[in-house]
Amino acid sequence: MTSERWRQATEWPLMAAALLFLAAYSVQVIGDVSERQAQVLELIQWITWGAFTVDYAVRLFLAPQRWRWLATHLPDLAMVVLPVLRPLRLLRLVTLLRVLYGTAGKALRGRIVTFVAVSAVFLTYCASLAVLDAEQHAEGANIVTFADAVWWSLTTISTVGYGDHYPVTVIGRAVAAALMVSGIAVLGVVTASIGSWLVERVSATATVAVEQADADLKGQLERLHTEVTRLGRLLEESQGTRKEPVVGEETR
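Residues numbered from 1 in each chain as written. Predicted model: local features only at pLDDT ≥ 70, side-chain atom pairs only at ≥ 80, totals over all residues. Heavy atoms only, no water.

A. Up close: the overall build of the chain. Regarding its fold elements, the chain presents nine helices and zero strands. Counting from the amino terminus, the chain carries its helices and strands in the arrangement α-α-α-α-α-α-α-α-α. Considering the chain as a whole, with its 252 residues, one finds that 29% of them fall into the buried category. Taking the contacts inside the chain whose residues are at least 6 apart along the sequence as the reference set, 62% of them involve residues at least 24 apart. (Helix = DSSP H or I, 4+ residues; strand = E, 2+ residues; numbered from the N terminus. Buried < 20%, exposed > 50% of the residue type's maximum accessible area, 1.4 Å probe, protein only. Contact = heavy atoms within 4.5 Å.)

B. Local environment of the UniProt feature "transmembrane region" (unreviewed entry) in the chain. With numbering aligned to this structure, UniProt lists the feature "transmembrane region" (unreviewed entry) at residues 12–31, 43–62, 108–131 and 174–199. The span residues 43–62 carries 100% helix and 0% strand; its end-to-end C-alpha distance comes to 29 Å. (UniProt positions renumbered as here; feature names shortened; annotations may be inferred.)

C. Geometry of the packing of aromatic side chains. If you walk through the whole model with that rule in mind, you get five aromatic pairs. Between the aromatic rings of Tyr125 and Phe146, the centroid separation amounts to 5.9 Å while the plane-to-plane angle is 75°, which identifies the pairing as edge-to-face. In this pair, Tyr125 sits in helix α6 (residues 108–135) while Phe146 sits in helix α7 (residues 146–157), placing the two residues 21 residues apart along the sequence. With relative accessibility at 30%, the residue Tyr125 sits in the partly exposed group. Each ring, one from Trp151 and one from Tyr162, has its centre 5.6 Å from the other, and the planes form 10°; the classification is stacked. Taken as a pair, Trp151 in helix α7 and Tyr162 in the loop between α7 and α8 (170–243) lie far apart in primary sequence, eleven residues in all. When its relative accessible area of 38% is taken as the criterion, Trp151 is described as partly exposed. (Phe/Tyr/Trp six-rings, centres within 6.5 Å; stacked < 30°, edge-to-face > 60°.)

D. The arrangement of the packing of helix α1 (residues 3–30) against helix α2 (residues 35–62) in detail. The contact between α1 and α2 brings their axes to 9 Å, and the two run at 160°. The angle between α1 and α2 places the two elements in the roughly antiparallel class. By crossing handedness, the relation of α1 to α2 is classed as left-handed. Where α1 abuts α2, its residues Ser3, Trp6, Thr10, Leu14, Ala17, Ala18, Leu20, Phe21, Ala24, Tyr25, Val27 and Gln28 lie against Ala38, Leu41, Glu42, Ile44, Gln45, Thr48, Ala51, Phe52, Asp55, Val58, Arg59 and Leu62. (Axes fitted to C-alpha atoms, helices over the stretch in contact; angles between N-to-C directions. Parallel < 35°, antiparallel > 145°, perpendicular 65-115°, else oblique. Left-handed = near helix turned anticlockwise from the far one by under 90°.)

E. Region of the structure containing the pattern of salt bridges. The full count for this structure, using the stated rule, is one salt bridge. A salt bridge links Asp55 to Arg59; the shortest N-O distance between them is 3.1 Å. Pair noted here: Asp55 and Arg59 are both in helix α2, with a separation of four residues, about one helical turn. For the pair Asp55 and Arg59, a shared accessibility class is recorded, and that class is buried. (Salt bridge = Lys/Arg side-chain N within 4 Å of Asp/Glu carboxyl O.)

F. Summary view of α1. Taking 1.5 Å as the rise per residue, α1 with 28 residues should run 40 Å; its terminal C-alpha atoms sit 38 Å apart, in good agreement. The axis of α1 is deflected most strongly, by about 40°, at Glu11, and proline Pro13 appears within four residues downstream. (Expected span 1.5 Å × (residues − 1). Bend = angle between axes of the 7 residues up to and from the residue.)

G. Structural context of the nonpolar core. Core analysis: the biggest nonpolar cluster contains 18 residues, and Val131, Trp152 and Val175 have the highest contact counts within it. Among the secondary structure elements, those contributing two or more residues to this core are α1, α6, α7 and α8. Sort the elements by how many residues they give to this core and α6 lands first, with seven residues. Taken together, domain 1 (1–81) and domain 2 (86–201) each give at least three residues to this core, which thus spans both. Val131 has contacts with Ile143, Ala149, Trp152, Pro167, Gly172 and Val175, leaving out every residue within four places of it along the chain. (Core = buried A, V, L, I, M, F, W, Y, C linked by side-chain atoms within 4.5 Å. Domains from an automatic or database assignment.)

Okay, here's the thing in structure tokens:
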């Protein structure tokens, strides 16, 4: 089996595993669960980690150039080697974005817009979970509810940053830094997409105007050619009439 065939075969199962992990992690962070329930949720997360680890090991084994593949798949490596830091476990959800990008549509702009829109919502939610997990039990924290976390994520990813909520832990600040960079990237893609759309619309309008002007000019030239031809014939007929001999002159 090739690496591409393995990727195609495991893409949707891994997406299901990522969604299962996200559900378990969300309940663990937001919900008021008992110790027994927390153990079950933790077990689910470790099982999904095992699925991602097996997938990573198989793809690395099947890669024709393993060192090159290793260097170009660092996010996949991070999904495997960072299972201890709970907020950073969300890196496993990169699989969702990868599958989403592949199914967003055939048109490039449609794929970009869909990917960016869903990614923005996805990043906001995941960052809210991660920062709440890191902050809610920290001393001096001001992000202690999921509503606080969502508000903080929205102001951070949009680069507004009111400052009413902010992380105080190292992990929380690492999440904040990642979200800031992601926000700039998302806004950049949105701006570029809008600019590209406007340029295309203006170009299409200009093209239609030029084509219409060309058609009008061609019509005018055809009418002018017809008129010149008609005048030329009239002139020839007039000259022919003048050259005809007069009857009185013939008798002389």
